[in-house]
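Descriptive structure summary
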Amino acid sequence: MRGTVCGFVVSCLMAGSALAAPASHPQAETQALSLAEKAIALRSVEGPANQTPQVAALFRDALVQGGFAPSDITITPYRDTAYLIARWHGTDPSLKPLVISGHMDVVEAKASDWTHDPFKPQIVNGYLLGHGSTDMKLDDTLGIASLLALKREGYRPRRDIIIAFSGDEETEMNTGQAIAKLLDRADLVLNLDGANGVLDERTGKPIYFSWEGAEKSYADYRLTITNPGGHSSEPRAVNAIDELAAALLRIKQHRFKPELNDLTRAYFVSAAQWEAPATGAAMRAFAADPTDEKAIATLSADPALIGRIGTTCVVTMINGGHALNALPQRARANINCRIFPGHPRPEIAKELQAAAADPALTVEDVTAGSVETAASPMRTDFVKAVEHGIHSVYPGMPVFPSMSSGASDSMWYRYNHVPSYGMSPLFIKPSESFMHGLNERTPVASIRPAIDAMMVMVTDLSH
């Protein structure tokens, strides 16, 4: 990792005319980028060498240097990771706090698969490259830098503002669950791990911003086939691996019922105009009639949209056999499902069992660290705050709700009856969003408007 001088950072922030704007908070912009680079360089991945506690210490030190009292910041160790909670006291202790949520860990990444080392941040052609540049260390530092800028400018919130960063969101989510229990009296959660602004694929100009008011339930099901096995020189008609393979193919062909809720309908109607003509037409048609087969076929063919039209299940791991020269006695597979809100996990297990169409197959729910939650209410104060923040940098920009196809720490807050809304203030092209994938990157020019918007939203929600 190389040092970053202020002049170079400012020039990077001005790169890309579509996002460039007069610097209104240059110190915050420089700090967000510099702090993100330092965090990316820390390998905060589950395991013996997990450096998530070091990320927490990095963030704590930045907060203390920015004016937070050390006594108002706690780092709590948990197994190989840790979580951080920091409190900015408001002037009215009777008000419930505003929570700024995020996570400090990242999924595993192998340097041999990337074009560059994922844990050595670089700025190349106006992009911050590195693991966590999108999901979600840069978002964390945007939250920190925005709050510290508000402190420098003399802002005094009426309600407490709490930074709550978990340490295992990408794995078992235990620290997110612990934090949500501690903060179950919060008024509202602004989860920076969520939907974001969208840049036009051709021009790079910002075209719309969406936020998430709900997410699908995460679930894992273990599928198992067993039989007596035998010598490989004496093949039998029934083979556990063959049976499992056939069942998996039947499950692959199964289609869960396409469906809508208020959030996804609003998303399809609002976002359709920026999609390719065929996709946009399908989005509008599906919003009007979720049984429209042509629209379903078009949306199902798009990996970015299939998860928005209903439950999805996909095989993610397989294991079978016990010796190279023996018939398998057991074959197993993991089916990972993202369940549309309103469907309990046992219901989906039964549907998988029926789709497999094999009485010898067992389906076991082995989900860890996940609960089913309803959507957060469409709170007027939140909606207005997001619109105010985005319109302060992009006047008249369309802002609308959506639903996440994945899972986040918002799940735990909603489980504790605290409204949580996923919202990253960054703007990015859909084709350049490489979360959980290779060569993760985010436009550096997105930092400036993100800081400005974030400061407005936090002020509106904490006054």
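I will try to describe carefully the structure that is included in this document. (Residues numbered from 1 in each chain as written. Predicted model: local features only at pLDDT ≥ 70, side-chain atom pairs only at ≥ 80, totals over all residues. Heavy atoms only, no water.)

Some words on the layout of surface pockets
- In this structure, the second largest pocket occupies an estimated 440 Å³ of space.
- Lining the second largest pocket are 20 residues, and of these Lys252, His254, Ile306, Thr312 and Cys313 lie nearest its centre.
- Of all elements in the fold, only helix H6 (240-253), helix H9 (293-300), strand S12 (312-320) and strand S14 (330-339) reach the threshold of two or more residues within the lining of the second largest pocket.
- Taken together, the residues of the lining of the second largest pocket sort by class into eleven nonpolar, six polar and three charged. (1 Å grid on protein atoms, 1.4 Å probe; cavity = no way out; pocket = protein on both sides within 12 Å on 5 of 7 lines; lining within 4 Å. Points joined across faces, edges and corners; volume = space filled by probe spheres on them. Helix = DSSP H or I, 4+ residues; strand = E, 2+ residues; numbered from the N terminus. Nonpolar A, V, L, I, M, F, W, Y, C, P; charged D, E, K, R; others polar.)

A closer look at the pairing of strand S3 (residues 98-103)
- Counting buried positions over the six residues of S3 gives six, a clear majority of the element.
- Burial along S3 is two-sided: Leu98, Ile100 and Gly102 facing one way and Val99, Ser101 and His103 facing the other are all buried.
- Where S3 lies against strand S6 (residues 161-166), six bridges are found, and the strand directions are parallel. Looking at the pairing, serine 101 lines up with alanine 164 of S6.
- Summarising the sheet, S3 and strand S7 (residues 188-191) pair through four bridges and their orientation is parallel. Paired with serine 101 across the two strands is asparagine 191, which belongs to S7. (Buried < 20%, exposed > 50% of the residue type's maximum accessible area, 1.4 Å probe, protein only. Pairing = 2+ DSSP bridges.)

Remarks on the sheet that holds strand S19 (residues 441-443)
- Taken in spatial order, the three strands line up as S4-S5-S19 in an open sheet, and their pairing is antiparallel. The open sheet has two free edges, formed respectively by strand S4 (122-124) and S19, since each of these has just one partner strand. Averaged over neighbouring strand pairs, the angle between their axes works out to 30 degrees when direction is ignored.
- The pairing of S4 with strand S5 (residues 127-129) spans three bridges and is antiparallel. Directly across from valine 124, in S5, lies its bridge partner tyrosine 127. (Axes fitted to C-alpha atoms, helices over the stretch in contact; angles between N-to-C directions.)

Considering the sheet that holds strand S10 (residues 217-226)
- Across the sheet, which stays open at both edges, the four strands sit in the order S12-S14-S10-S15 with antiparallel pairing between neighbours. Here the strands that pair on one side only, and so sit at the sheet edges, are S12 and strand S15 (362-365). Averaged over all pairs of adjacent strands, the angle between strand axes in this sheet comes to 25 degrees, irrespective of strand direction.
- The pairing of S12 with S14 spans eight bridges and is classified as antiparallel. Along S14, the bridge assignment pairs cysteine 313 with cysteine 337.
- Strands in contact with H6 are S10, S12 and S14; relative to S14, the strand with the most contacts, it is inclined by about 15 degrees.
- Sitting on the sheet, helix H10 (residues 345-356) touches S10, S12, S14 and S15, and the angle it makes with S10 is about 40 degrees. (Contact = heavy atoms within 4.5 Å.)

Details of the environment of isoleucine 335
- One can find isoleucine 335 in strand S14.
- The exposure class of isoleucine 335 is buried, given its relative accessible area of 1%.
- Sequence separation between isoleucine 335 and isoleucine 123 is 212 residues; the distance between their C-alpha atoms is 38 Å.
- Discounting residues that sit within four places of it in the chain, isoleucine 335 has contacts with Ala219, Asp220, Tyr221, Leu223, Leu248, Ile251, Cys313, Val314, Val315 and Leu352.

With respect to the state of the cysteines
- Tallying each qualifying case throughout the model produces one disulfide.
- Between the sulfur atoms of cysteine 313 and its disulfide partner cysteine 337 the distance amounts to 2.0 Å. Looking along the S-S bond of the cysteine 313-cysteine 337 disulfide, the torsion reads about 115 degrees, which is the right-handed sense. Of this pair, cysteine 313 sits in strand S12 while cysteine 337 sits in strand S14, and the two are 24 residues apart along the sequence. (Disulfide = S-S within 2.5 Å.)

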